[in-house]
Amino acid sequence: MFRFVAVRLVQGLLVLLAIYAVTFFLVAATPGSPFSTERAIRPEILAQIEAFYGYDKPVGERFVTSVSNALRGEFGPSAVYANRSVTDIIAESFPVSLKLGSLALGLALFLGIPVGIIAAVRQNSWLDYVPMSVSMAGICLPTFVMGPLLALVFGLIFELLPVAGWFGPEYVILPALTLGLYYAAYFARLTRGGMLEMLNQDWVRTARAKGVSESTIVWKHCLKGGLIPAITFLGPALAGIISGSFVVETIFQIPGLGQWFVKGALNRDDFLILGLTVLFAALIVVMNLLVDIVQVALNPRLKYE
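The structure presented is a predicted model; accordingly, all values stated were derived computationally and were not measured. (Residues numbered from 1 in each chain as written. Predicted model: local features only at pLDDT ≥ 70, side-chain atom pairs only at ≥ 80, totals over all residues. Heavy atoms only, no water.)

1. Considerations on helix α9 (residues 214-226)
End to end, α9 covers just 15 Å across 13 residues, shorter than the expected 18 Å (1.5 Å per residue, more than 12% under). At K220, α9 shows its largest kink, close to 30°. The set of residues buried in α9 consists of I217, V218, C222, L223, G225 and G226. Those residues of α9 that are buried lie in contact with α4 (86-121), α7 (173-199), α8 (202-209) and α10 (228-232). (Helix = DSSP H or I, 4+ residues; strand = E, 2+ residues; numbered from the N terminus. Expected span 1.5 Å × (residues − 1). Bend = angle between axes of the 7 residues up to and from the residue. Buried < 20%, exposed > 50% of the residue type's maximum accessible area, 1.4 Å probe, protein only. Contact = heavy atoms within 4.5 Å.)

Okay, structure coming up:
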């Protein structure tokens with residue numbers, strides 16, 4: 001296991017380096033700069049500003065300097081927001097996005113997995129048809145549609161929940177529902193498929209013929225194998241929750257990392273874009289590693305290779 005984790009970490013670092021390089025050179029190739037404003041800046045002042053942020057150096061030299069700084073956890077100052085570094089912005093906003101993403105992922109697992117298990121055990125009954133129909137509808141509704149709908153119904157029509165801000169526990173409910181329900185639908189369908197595959201195995205029929213109770217078959221013998229498809233989806237789900245938080249945080253005016261990524265792209269804040277991209281990529285790499293470890297623990301036929 002140690003060798004497996006070490007190899008995957010090295011691979012993850014290489015992936016992060018590749019993502020960093022692609023992002024850096026794409027941003028560098030984009031016309032304009034963070035200092036392109038409607039008001040003209042005197043050439044000598046613009047030259048001093050660009051020298052301060054390193055824009056007067058060749059692209060290759062800037063890339064090497066940027067990578068060396070990133071390896072030390074320093075992404076440089078924000079080119080748009082004065083007296084604020086990218087690290088400060090991440091430290092301030094990351095707990096908000098982490099809380100929202102954790103609640104959304106927990107909600108998706110809490111709702112999707114039990115619904116999928118029940119639908120598989122009660123196959124071809126109303127406990128199967130109704131949840132799976134709702135899940136299909138949930139998959140067809142993206143977060144940028146579901147968010148305004150939830151805000152309209154629960155915030156404006158029934159006036160039960162706030163629709164904007166981040167000032168208390170009640171402000172978390174609608175954003176978490178918007179992100180969590182969408183992925184709960186995926187987890188429900190994947191869990192149902194995995195459980196049905198396990199329940200249709202020959203050894204399950206043999207166990208039933210020997211008089212083993214249905215609850216023992218489901219919870220003790222089939223659950224581990226039935227959850228493998230849902231566990232495999234955790235990595236893509238995290239990536240989707242991260243990217244979906246951009247939209248959700250904008251809709252509900254949440255001061256998380258998503259709004260900074262959008263602002264960085266609009267304002268051409270190169271350092272901020274690079275820092276947030278590396279952070280999101282690192283989260284996905286770590287999550288995929290944890291998913292692989294859990295898969296081996298659930299399925300003895302797999303090995304740490």
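2. Concerning helix α1 (residues 2-29)
The end-to-end C-alpha distance of α1, which contains 28 residues, comes to 41 Å, matching closely the 40 Å that a straight helix rising 1.5 Å per residue would cover. All buried positions along α1 are accounted for by F4, G12, L16, Y20, A21, T23, F24 and V27. Contacts from the buried residues of α1 go to α3 (59-71) and α13 (270-298).

3. Focus on the environment of A82
Among the secondary structure elements, A82 is positioned in the loop between α3 and α4. Taking the C-alpha atoms as reference points, A82 and L181, separated by 99 residues in sequence, lie 38 Å from one another.

4. Some words on the packing of aromatic side chains
The geometry of an aromatic ring pair is captured by two quantities: the separation of the ring centres and the angle between the planes. Applying the stated rule across the entire model yields 14 aromatic pairs. Their ring planes at 50° and their centres at 5.4 Å tell us that F246 and F280 sit as a pair that is tilted. Taken together, the positions of F246 in helix α11 (residues 234-251) and F280 in helix α13 put the pair 34 residues apart, joining distant regions of the chain. Each of the two residues, F246 as well as F280, counts as buried. Considering the side-chain rings of F261 and F280, the 6.0 Å spacing of their centres and the 45° angle between planes classify their relative orientation as tilted. With F261 in helix α12 (residues 257-267) and F280 in helix α13, this pair connects stretches of sequence that are 19 residues apart. (Phe/Tyr/Trp six-rings, centres within 6.5 Å; stacked < 30°, edge-to-face > 60°.)

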